[in-house]
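Structural features, examined
The residues making up each chain are set out below.
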Amino acid sequence: MTQLHTLVAYVPRTHTHAVLAAIGDAGAGRIGNYSHCSFVTAGTGRFTPRAGATPFLGDLDRPTEVAEDRIECVVEAAVLDAVVLALRAAHPYEEPALMSWPVDGWPSE
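Summary of the structure given here. These numbers come from a predicted model, not from an experiment.

Here is what the cut-offs are and how they apply
- Residues numbered from 1 in each chain as written.
- Predicted model: local features only at pLDDT ≥ 70, side-chain atom pairs only at ≥ 80, totals over all residues.
- Heavy atoms only, no water.
- Salt bridge = Lys/Arg side-chain N within 4 Å of Asp/Glu carboxyl O.
- Helix = DSSP H or I, 4+ residues; strand = E, 2+ residues; numbered from the N terminus.
- Buried < 20%, exposed > 50% of the residue type's maximum accessible area, 1.4 Å probe, protein only.

**Regarding the pattern of salt bridges**
- Going through the model one piece at a time under the given rule, you end up with four salt bridges.
- For Asp 69, the salt bridge goes to Arg 13, with nearest N and O atoms at 3.1 Å. Of this pair, Asp 69 sits in strand β3 (residues 64-76) while Arg 13 sits in the loop between β1 (4-12) and α1 (16-25), and the two are 56 residues apart along the sequence.
- By relative accessible area, Arg 13 is classed as partly exposed at 37%.
- Its salt-bridge partner being Arg 70, residue Glu 72 comes within 3.0 Å of it at the nearest N-O pair.
- Judged by its relative accessible area of 25%, Glu 72 is partly exposed.

**Looking at the environment of Leu 20**
- Within the secondary structure, Leu 20 is located in helix α1.
- Leu 20 sits in the buried class, given a relative accessible area of 18%.
- Through-space distance from the C-alpha of Leu 20 to that of Val 66 is 18 Å; in sequence the pair is 46 residues apart.

Below, the structure written as structure tokens:
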């Protein structure tokens, strides 16, 4: 059986669909005979760009709040690296907030 990981990423709402398409095309969200499966929750991202940053939004040394979506999906371990690369390529931030961890869920085969 293939090990699954949960992938979570935060993306400005203006880019949610582009990121979902990119990670789905790279193999994220495959469950049985379905692809591009995900769950999206709206929220507010907060950050302060520091010296050396080139922020997509906001100004250096000023707190910034952005309407963002939390994307959650499952990813097979074999394609996790490719999915993360696709996420980074489609995401507008120079440092996207993302995380992944193994889960005790297995695809039906």
